[in-house]
Amino acid sequence: MPDVENHDELRQVTEILQRHSLEPGNLIPILQEVQEELQYLPREGMRLVGRSLGIPEVDVYSVATFYNQFRLNPPGRNQIKVCLGTACHMMGGYIILDCFERRLNVHEGETTPDREFSLERVACVGCCTLAPVTVVNEKTEGKVTPTRVDGILAGLGFKKDQAAGKVEAEV
Amino acid sequence: MKTAATLEVAPDQIYRDLQHAARQRLTGEKEEPLVMVGTATCGRAAGALDTLAAFKEEIVRRHLSVRVREVGCLGDCYLEPMVIIQKPGYPPFIYGEVDEGKARRLVADFLVNDDPCLEFAMAALEPNDIFPTLADYPRGFYEQRVITELCGIIDPTEIDQYLDHEGYAALARALSMDPGEVVAQVKESKLRGRGGAGFPTGLKWETCRKAPGTPKYVICNADEGDPGAFMDRALLESNPHQVLEGLLIAAYAVGASQGYIYVRAEYPLAVERLKTALDQARQRGLLGENILGSGFSLDLAVFQGSGAFVCGEETALIASLEGRPGIPSHRPPFPAVSGLYGQPTVINNVKTLSYVPHILRQGPDWFRGIGTTDSPGTAVFALAGKVANTGMVEVPMGTTLRRLVFDVGGGIKDGKEFKAVLIGGPSGGCLPETALDLAIDFDSLQQAGAMMGSGGLVVLDADDCMVEIARFFLEFTQKESCGKCTFCRLGTKQMLEILTDITKGRGKPEDLTLLWELAGDVKAGSLCGLGKTAPNPVLSTLRHFRHEYEVHIDEGRCPARMCQDLITYYIVPQKCTKLCNVCVGSCPAEAVYTRPDGIKAINQELCIKCNNCLVTCPPEHQAVVKISPPSPAEGA
């Protein structure tokens, strides 16, 4: 990663730290804000947070990896979340996840090589009555079908066979 | 120090002034037509924001003097997006499934002209001579709304409306009582914690009140991690002030000066509305220093969780609030004695706190009059799965499952056969048809091998495989296990592997005994509720549906035709019409093809089992079927 970008990220982390009182109890809210701004937790940023709060690096890392919400790698430009709560699972949420995985040619938790799409599963977004549910770029959509998966992707500018082609090119 | 006499008058008088001012601001509103659009998360998922925009646009375009207001969730989620239209001279009508087109038509026909479009009205809100009300339907008839009463009717972002509906009156009353008396009232009401375990709330408060140490803390547990439950979300999004009021009363009763509301990360809208509610309460002097002139002060903050199911457990929640990984610790000491930062802390669920204002306003006797002797009050359930009328329902404790599923829920979708309900999420269990007449309360469910849990209720029909369900729940708890206890960390992993093998047709006859043994060990060897209850879904499905496990193992087939490795899709040539092409068009993998004779067939090598062709095949043909055990027939 180029140094300039890194420097920029650290500056943002510093700004966030200035807005909080530096108590160990504020670790999670601070990490949440860092992720909200940078979309992920950069390694140097976590180090800086740890130093500022007087928490060992390893403890910051332990918190960042314990909670599902935190990401240690930058996500794709479009974030696709598929709900796999009980109701969604029963109504075929796993089939929807399958469809996304196949189309994007990534597994859940991964990002396409061109960093356009990242695919995640979430435990439950609380829209069980409209199962199966997806959350695409913060927009919740209910009663998703495999055909609609193609529609969602087309709406985001995805062209069929795009991901497959990219992977081959990279290999 | 104030004298007792001034204390008795002051909060109530200040409150009356507040309420009067709120009502003043609301007068005049009632003469104008009003459109209320339900924009809780479930409404939004169904497109409520587009409906809202359509109403606004149409009203502006026609220069109408109509108010548009966003409200919460009425509970009938299967009809989202829902709209209530109030026009002077008419009873307020509720409309379901209002898309943009219907919205425009309602404006043109009802708001401009005088045709209320009763053909797509669902019910009227108040009794009248022209149209049935909610109470005329089985759902409304059997429901008893206490904490969901105002959900979907008031604007959650507007404190005036809550005040107008006697909101914060209970707080004013509590503040003029002795804290011990408040605890006594809650104790007398026999309110039990709605988070799942059903611990008596009054007892918890009393313990905390008597525990030495300052400061004390109150925490509202809104970390609704149970997949399949959404009542806390709906309550926070639809009526956040009710929860705040309950939390304020709890804090006053136990003598706390600082409080937190711990909300799940996955509920951004709830967080937003809670923060608005906190700001408004602060502005009106209902939160902060010297609340309602009583001398009592409390500060509240919203804390967002970060996506860990185990944080619903109270000691893990505290660890998370302190900035550590959410790993549970040993109890006792209970948080009521030594909780957040080692101080006495009361942790209550959203629903528990929502009942508190009602109990103080209407008295413990009123509350005990609802429900059963040992579990008084109502129960809020999230009905989901294969039931016709999904949504949030509130029924008195002691209602039977049959009534809940078949009357309130309207029976099984598409007239299929009932198989079981899953209650209590990953810590609960399943109840088969024989348990349908069970009256639901905390104790009866425990006896039946399930658990109230937070109130998620997922209905299953004949197409759902019980082994797959058990596997699904175990996959969830295994993933969410914090890893502290060996049995929970490794035991669930082993159980999951066995179950996965069974669903893939690789099960062995001795697996069932092993599963049963492991389940007992995991229960015995885990510290917190997550591990102690994780095997429940496996145990209850094994108890009630053992034959399904056996069929998977012995015959390699899935009776419900759900386990993907044990089925194949097949087009019955005799039923295929040749004339339509939907299955070919709907197949995302291009596995469906047309044979030279015009009949469709599936190339099994390409088939990804997405179920699309089965859904799209017109109902008059139903030519696509699932076969289990899988057969390689109909190849090239």
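That block above? That's the structure.
Note that the structure is predicted; figures quoted are calculated from it, not measured.

Engineer: Which parts of the structure should I look at to understand the overall build of chain A?
Structural biologist: A tally of regular secondary structure across chain A gives eight helices and four strands. For chain A, the spread of C-alpha atoms along the principal axes amounts to about 50 × 40 × 25 Å. Across the 171 residues that make up chain A, the buried fraction comes to 52%. In chain A, 63% of the contacts between residues at least 6 apart in sequence involve partners at least 24 apart. About 8,000 Å² of surface is accessible on chain A, with carbon and sulfur atoms providing 49% of the total. Taken as two groups, the 18 positive and 25 negative side-chain charges of chain A have centres that lie 6 Å from each other.

Engineer: Can you help me understand the sheet that holds strand β8 (residues 299-304) of chain B in this one?
Structural biologist: Where strands meet in a sheet, backbone hydrogen bonds hold them as pairs that are either parallel or antiparallel. All names here are of chain B. What the four strands build is an open sheet, ordered β8-β7-β6-β9; its pairing is parallel. A single partner strand is all that each edge strand has here, and the edge strands are β8 and β9 (345-349). Averaged over all pairs of adjacent strands, the angle between their axes in this sheet comes to 20°, without regard to strand direction. On top of the sheet, helix α12 (residues 268-283) reaches β7 (258-263) and β8; it is set at about 170° to β8, its chief contact.

Engineer: Looking at this structure, how should I read the environment of Lys493(B)?
Structural biologist: Among the structural elements, Lys493(B) can be located in helix α19 (residues 486-503). With 14 residues separating them along the chain, Lys493(B) and Lys479(B) place their C-alpha atoms 8.9 Å apart.

Engineer: Help me understand the interface of chain A and chain B, please; the structure alone is not making it clear to me.
Structural biologist: The extent of an interface is frequently quoted as the accessible surface area lost upon association of the parts. Counting residues at the interface gives 40 residues for chain A, matched by 62 residues for chain B. Together chain A and chain B conceal approximately 3,900 Å² of surface at their shared face, both sides included; 59% is due to carbon and sulfur atoms. On the surface where chain A and chain B come into contact, there are one salt bridge. A salt bridge links Glu475(B) to Arg121(A), with the shortest nitrogen-to-oxygen separation between them at 3.5 Å. Run the count over chain A and chain B and you get 18 residue pairs in polar contact (both at pLDDT 80 or more). For the side of chain A that touches chain B, the secondary structure elements donating two or more residues are α2 (27-38), α4 (57-66), α5 (86-90), α6 (93-104), β4 (139-141) and α7 (146-155) of chain A. No other element matches the five residues that α6(A) contributes to the side of chain A that touches chain B.

Engineer: Got a minute to help me understand the packing of aromatic side chains in this structure?
Structural biologist: Within a pair of aromatic rings, the relevant descriptors are the distance that separates the centres and the angle that separates the planes. Counting across every chain of the model gives 18 aromatic pairs over all chains. Ring geometry for Phe66(A) against Tyr67(A): centres 5.0 Å apart, planes inclined by 80°, an arrangement best described as edge-to-face. Exposure remark for Tyr67(A): the relative accessible area of 2% places this residue in the buried category. Taken together through their ring pairs, the aromatic side chains of Tyr90(B), Phe93(B), Tyr95(B), Phe110(B), Phe120(B) and Phe131(B) make up a single cluster. Above the plane of the ring of Phe120(B) lies Lys102(B), whose end atom (NZ or CZ) is 5.0 Å from the centre. Here the guanidinium or amino end of Arg264(B) rests over the ring plane of Tyr267(B), the centre of that ring lying 5.0 Å away.

Cut-offs used in this document
Here the residue index of a chain counts from 1 through its sequence in written order. To label them, take the chains in the order written and letter them from A, then take the ligands in the order written and number them from 1. Whole-chain, interface and lining totals are the exception, using all residues; otherwise, since this is a predicted model, local features are given only for residues with pLDDT of at least 70 and side-chain atom pairs are given and counted only at 80 or more. Neither water nor hydrogens contribute to the side-chain values; these are computed over all heavy atoms in the structure. Only DSSP runs of H or I reaching four residues or more are called helices, and only runs of E reaching two or more are called strands; each is numbered from the N terminus. Relative accessibility decides the category of a residue: with a 1.4 Å probe and only protein chains considered, values under 20% of the type maximum give buried, values over 50% give exposed, and everything between is partly exposed. Throughout, a residue-residue contact means that at least one pair of heavy atoms, one from each residue, lies within 4.5 Å. Using the Shrake-Rupley algorithm and a 1.4 Å probe, accessible areas are obtained, with residue cover drawn only from the displayed protein chains. Think of it this way: Lys and Arg go in the positive column, Asp and Glu in the negative one, and His and the chain ends go nowhere. We put the charge of a Lys on NZ, of an Arg on CZ, of an Asp on CG and of a Glu on CD. DSSP calls a pair of strands paired once it identifies at least 2 bridges connecting them. Axis definition: a line fitted to C-alpha atoms, limited for helices to the stretch in contact. Angles are taken between N-to-C directions and run from 0 to 180 degrees. A quick way to say it: buried area is the sum, across both parts, of accessible area lost when two parts are put together, with a 1.4 Å probe. The working definition used for a salt bridge is a side-chain nitrogen of Lys or Arg within 4 Å of a carboxyl oxygen of Asp or Glu. The term polar contact refers here to a pair of N or O atoms within 3.5 Å; inside protein, the definition further demands a hydrogen-donor-capable atom paired with an acceptor-capable atom, and it admits residues adjacent in sequence only when both atoms are side-chain atoms. Under the pairing criterion, centres of Phe, Tyr and Trp rings, with the six-membered ring standing for Trp, must be within 6.5 Å; the plane angle then separates stacked pairs below 30 degrees from edge-to-face pairs above 60, leaving the rest tilted. Charges are assigned to positions over rings by a cutoff of 6 Å between ring centre and Lys NZ or Arg CZ, combined with an angular limit of 35 degrees from the ring normal.

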